[in-house]
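Structural characterization, general
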Amino acid sequence: MHPEPWTTSAQNLPEHARNPIHTDAGATAAGFPRALVAGVTTYAYLTRPIASAWGLDWLRRGGGEVRFQRPVFEHDIVHCIPAPMNDGAVAVSAVVDDGPTRAMFRAVTDSGSPPPMRVGEPLLTYTTELSGEWGSDYGLRAGEDLALYADHGVVHPAVWPALANHIVHVHVAQGPWVHTRSIIRHHAAAAAGATAIVTASVVDRFTKDTGDRAVLDVRIEVDGQLVATLEHEAVVHLTPTPVPRRAT
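Residues numbered from 1 in each chain as written. Predicted model: local features only at pLDDT ≥ 70, side-chain atom pairs only at ≥ 80, totals over all residues. Heavy atoms only, no water.

Let's shift gears to the layout of surface pockets. Of the pockets and cavities examined, the largest pocket occupies roughly 720 Å³. Considering the residues around the largest pocket, the lining is formed by 40 residues, among which Gly39, Phe68, Val178, His179 and Thr180 are closest to the centre. (1 Å grid on protein atoms, 1.4 Å probe; cavity = no way out; pocket = protein on both sides within 12 Å on 5 of 7 lines; lining within 4 Å. Points joined across faces, edges and corners; volume = space filled by probe spheres on them.)

Right, here's the structure in full:
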């Protein structure tokens, strides 16, 4: 089955207000016109055409790379447009009002074997139940209505980068921050309500464009089984965009 285009209205979830960039006040202070929608929510939208077409098999061993090129703002109408690639992958673009691409997800049916954790700055291990904001209804609460997850009692794939975001927010970020890129590999589907153990390490730090960035390696295990690995990048210290002064 081939992935089909899908459209939704972008919205922030209540828990995203923990990062001020997802509020109007915090986004304005950082130089943006209004609240940015969480990258992981945009990712949830981008997965909709893929998961609808490829089903549980994709949740068990697929994955891909998502890159956030421009902000999606709250209440933007986001069109998720899939296009096949020559190597068998599918590129899904998030487009608003026929403008430039806001985010791109290159999805693959098989993400391969889990890579080893690289040497870096180890962070505290995080343990959580996969329910509520980490459960099967992540997408449904954000406006992504695919019934696959609730029907099969499995966790939404956006939960994996959302957990990585939680690690960034608690242990790495300095004030408002922005998720920029993730490589996400699925190794098994996870049952909603199970307990996840998240291990992470900062493997790189550098400065580019809008601020200081960090790259994390993240591993997520459920009941002793590895379910996802990620390479996760974020701007962890924003350099505010100067606001032009009016001529007097």
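Having seen the structure, we can now continue with the description.
Pairing analysis gives four bridges linking strand E1 (residues 6-9) to strand E3 (residues 77-84), with the strands arranged antiparallel. From the neighbouring strand, Thr8 faces E3, where its bridge partner is Val78. Hairpin connection from E3 to strand E4 (residues 90-96): five residues lie between these consecutive antiparallel strands, with Gly88 at a positive phi of about 95°. (Pairing = 2+ DSSP bridges. Helix = DSSP H or I, 4+ residues; strand = E, 2+ residues; numbered from the N terminus.)

Turning our eyes to something else, we now look at the nonpolar core. Counting residues in each nonpolar core, the largest one holds 68 residues, and the members touching the most others are Leu130, Trp160, Leu216 and Ile220. Top element by residues in this core is helix H2 (residues 39-61). It accounts for 12 residues. If you look at the next biggest cluster of nonpolar residues, it comprises eight residues, including Ile21, Ala30, Leu36 and Val235. (Core = buried A, V, L, I, M, F, W, Y, C linked by side-chain atoms within 4.5 Å. Buried < 20%, exposed > 50% of the residue type's maximum accessible area, 1.4 Å probe, protein only.)

For the rest of this paragraph, the subject is the pattern of salt bridges. Under the defined criterion, the tally for this structure stands at 17 salt bridges. The residue Asp57 makes a salt bridge to Arg60 at a minimum N-O spacing of 3.5 Å. Taken together, the residues span about one helical turn, with Asp57 and Arg60 both in helix H2 at a distance of three residues. By relative accessible area, Asp57 is classed as partly exposed at 38%. Taken together, the shared-partner salt bridges connect Glu65, Arg67, Arg118, Arg181, Asp209, Arg213, Asp217, Glu231 and Glu233 into one network. (Salt bridge = Lys/Arg side-chain N within 4 Å of Asp/Glu carboxyl O.)

Take H2 next. The terminal C-alpha atoms of H2 lie 22 Å apart, and with 23 residues this falls more than 12% below the ideal 33 Å at 1.5 Å per residue. The sharpest bend along H2 reaches about 110° and sits at Trp54. For H2, the tally of buried residues reaches 19 of 23 residues, placing the bulk of the element in the interior. Backbone geometry just downstream of H2 places Gly63 in the positive-phi region, at approximately 155°. (Expected span 1.5 Å × (residues − 1). Bend = angle between axes of the 7 residues up to and from the residue.)

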